[in-house]
2 protein chains.
Amino acid sequence: MGIKYKEIADILEEDILKGKYIEGSKLPTIEELMKKFDVSKNTMRSAIELLVIKGYIYQVQGSGIFIRPTVREGSINITNMRGLSKELNTPDVRSEILKFEVVKANKELAKKFRCNLDTELYYVERLRIVKEEPFSIEYSYFNKEIITYLNREIIENSIYEYITEGLKYNIGFADKIICCEKLTKKEVELLELKNGDMALSVENTVYLTNGLIFDVSKSKYNSNKTKFISVANYR
Amino acid sequence: MGIKYKEIADILEEDILKGKYIEGSKLPTIEELMKKFDVSKNTMRSAIELLVIKGYIYQVQGSGIFIRPTVREGSINITNMRGLSKELNTPDVRSEILKFEVVKANKELAKKFRCNLDTELYYVERLRIVKEEPFSIEYSYFNKEIITYLNREIIENSIYEYITEGLKYNIGFADKIICCEKLTKKEVELLELKNGDMALSVENTVYLTNGLIFDVSKSKYNSNKTKFISVANYR
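Values in this document were obtained by computation on a predicted structure and should not be read as measured data. (Residues numbered from 1 in each chain as written. Chains lettered and ligands numbered in written order. Predicted model: local features only at pLDDT ≥ 70, side-chain atom pairs only at ≥ 80, totals over all residues. Heavy atoms only, no water.)

Further remarks concern the overall build of chain A. Along its length, chain A carries eight helices and 11 strands. When the backbone C-alpha atoms are referred to their principal axes, chain A occupies close to 55 × 40 × 35 Å. Scored against the burial criterion, the 235 residues of chain A give a buried share of 54%. In chain A, once contacts between residues fewer than 6 apart in sequence are set aside, the share between residues at least 24 apart is 59%. A total accessible area of about 11500 Å² is found for chain A, and carbon and sulfur atoms account for 47% of it. (Helix = DSSP H or I, 4+ residues; strand = E, 2+ residues; numbered from the N terminus. Buried < 20%, exposed > 50% of the residue type's maximum accessible area, 1.4 Å probe, protein only. Contact = heavy atoms within 4.5 Å. Areas by Shrake-Rupley, 256 points an atom, 1.4 Å probe, with all protein chains shown as cover.)

This part takes up the state of the cysteines. Following the criterion strictly, the structure yields one disulfide over all chains and no others. Residue Cys180 of chain A pairs covalently with Cys180 of chain B via a disulfide, S to S 2.3 Å. Across the S-S bond linking Cys180 of chain A and Cys180 of chain B, the dihedral sits near 75°, which makes this disulfide right-handed. In this pair, Cys180 of chain A is assigned in strand β8 (residues 171–182) and Cys180 of chain B in strand β8 (residues 171–182), connecting two distinct chains. (Disulfide = S-S within 2.5 Å.)

Further remarks concern the packing of helix α1 (residues 4–17) of chain A against helix α3 (residues 41–53) of chain A. All names here are of chain A. Across the interface, α1 lies against α3 with an axial gap of 8 Å and an inter-helix angle of 50°. On the basis of their axis angle, the class for α1 and α3 is oblique. As for how α1 packs across α3, the hand of that crossing is right-handed. Of the residues in α3, those touching α1 at Lys4, Tyr5, Lys6, Ile8, Ala9, Leu12 and Glu13 are Thr43, Met44, Ser46, Ala47, Ile48, Leu50 and Leu51. (Axes fitted to C-alpha atoms, helices over the stretch in contact; angles between N-to-C directions. Parallel < 35°, antiparallel > 145°, perpendicular 65-115°, else oblique. Left-handed = near helix turned anticlockwise from the far one by under 90°.)

What follows deals with the interface of chain B and chain A. Taken residue by residue, the interface counts 56 residues in chain B and 56 residues in chain A. Between chain B and chain A, a total of about 4900 Å² is buried, with carbon and sulfur atoms accounting for 56% of that surface. Counting across the chain B and chain A interface gives four salt bridges. Two residues, Asp175 of chain A and Arg68 of chain B, come together in a salt bridge whose shortest N-O distance is 3.3 Å. The tally of links between chain B and chain A comes to 14 residue pairs in polar contact (both at pLDDT 80 or more). If you list the elements that add at least two residues to the side of chain B that touches chain A, you get α1 (4–17), α3 (41–53), β1 (57–60), β4 (80–81), α7 (159–166), β8, β9 (198–208) and β11 (228–234) of chain B. No other element matches the 11 residues that β8 of chain B contributes to the side of chain B that touches chain A. Across the side of chain B that touches chain A, the residue classes tally to 28 nonpolar, 14 polar and 14 charged. Relative to β4 of chain B, strand β11 (residues 228–234) of chain A is paired through two bridges, and the arrangement is parallel. Within β4 of chain B, the residue paired with Asn233 of chain A across the bridge is Asn80 of chain B. (Buried area = accessible area lost by both parts, 1.4 Å probe. Salt bridge = Lys/Arg side-chain N within 4 Å of Asp/Glu carboxyl O. Polar contact = N/O pair within 3.5 Å; in protein donor to acceptor, adjacent residues only side chain to side chain. Nonpolar A, V, L, I, M, F, W, Y, C, P; charged D, E, K, R; others polar. Pairing = 2+ DSSP bridges.)

A few words on the packing of helix α2 (residues 30–37) of chain A against α3 of chain A. Residues and elements named next belong to chain A. Where α2 meets α3, the axes come as close as 9 Å, and the angle between the chain directions of the two elements is 110°. In terms of axis orientation, α2 runs roughly perpendicular to α3. Contacts from Ile30, Glu31, Leu33, Met34 and Phe37 in α2 reach Lys41, Met44, Arg45 and Ile48 in α3. Taken together, the residues that form the contact of α2 with α3 break down as six nonpolar, no polar and three charged.

What follows is about the packing of aromatic side chains. What characterises a pair of aromatic rings is the spacing of the ring centres plus the angle enclosed by the ring planes. All names here are of chain A. For the coordinates displayed, the defined rule picks out 18 aromatic pairs over all chains. The interplanar angle of 35° and the centroid separation of 4.7 Å between the aromatic rings of Tyr123 and Tyr141 together place this pair among those described as tilted. Within this pair, whereas Tyr123 is found in strand β6 (residues 120–130), its partner Tyr141 is found in strand β7 (residues 133–143), the two being separated by 18 residues in sequence. In this structure Tyr123 comes out as buried when scored by relative accessible area, which is 10%. Pairing Phe173 with Tyr207 gives two aromatic rings, centres 4.6 Å apart and planes at 20°, and the pair type is stacked. (Phe/Tyr/Trp six-rings, centres within 6.5 Å; stacked < 30°, edge-to-face > 60°.)

Following the criterion strictly, the structure yields 32 salt bridges over all chains and no others. One salt bridge connects Lys220 of chain B with Glu181 of chain B, and the closest N-O pair in it is separated by 3.5 Å. With a gap of 39 residues between them, Lys220 of chain B in strand β10 (residues 213–222) and Glu181 of chain B in strand β8 connect regions that are remote in the sequence. Of the residues examined, Lys220 of chain B reaches a relative accessible area of 8% and is grouped as buried. In this structure, a network of salt bridges that share partners links the residues Glu181, Glu187, Lys218 and Lys220 of chain A.

Purely geometric stuff here, so don't read any function into it on its own.
Here's what the structure looks like:
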């Protein structure tokens, strides 16, 4: 078993995410895919199985390989982490910086980061604006021992792009806690909501592939505009 | 490549979900696991990789295999589907039936189920009660051509247990839409909330492994008591 089947799965995953196969439609048959990628049936089957586990496709005996409808536009797939712009399929995403400073990890943050007390952290507060409308407020901490440098230009744009392309770090995965939360008066104003409206809120703990936690953040989304989608498997 | 590595992954998955390895702690080393399961390094590595993809564990070079903290008590992992009782790790879950009837699929439901207009559906409305406190309200439709029989006794208990153990169907996966929603006056009363409170709501489309949609439902959760957890991978 080589690494090959994973590379094929990656290519198909990109294709699916880019919308190459329209929702509800099918992938080519295993035989056609074998030809396309010039691999054995076993390799092709392993690639397909991986995409099934990842929640992109499902197989129906005798009728083919179908794309799951969760690859949908306008919603945020919380089991992926692709950045707002890719997720919402629009380049029209910008950020307004509300706060940008260096703080020291208190007990709670040190626990969340699994770092020492008083470790220096960047604190970034941003209003994310999509198509010129307020979309979410992000409160993020970055471990300064890992993300050693940030500036206003970087955080006005994509911090994650800077981390992956500038610092060449491998972002791995995140744990998320999703809940429904009250908004402060200031948040209501920023998100242009009404008093008493609540937000869909997500707490993220983000790891590099080496297991280090570099980002702990909370995002509050305009609950009138946001839906999250997710895939689940039965156990 | 046999099926073996998947069986090992299943065993380890069950162990992790049952809390055999406490949060934040490690799995045994690859070498120890190879010995335990009496398999080759390649097979063991494949099993570990599968659990990484499924979001249970992560590997840190030189320091071991760690359990991801999302395997946490008291929260609902929305990327799993294990039923409330298993998810909250308590047997103290019961249901109060609010409505139980047979209806015909209108245009909207026919589209969601990918079934014909006027197909007969069971409609079940339940208040889910955990540890004698109202936890969620569930509005579920079941395609009667697939789930041919339901009665009050079944729906007072676990419908999914009946489907898997009674009807011997293989439940496959679900697509979920999560949002923050207003509650009706009746829902506020049932969930013992305050007027103006919102619910964390989940719309589920549930498939058998053969791709047939048998259940379309919406659950509204008491937003003061419920947190969802989820894992995400960077792409």
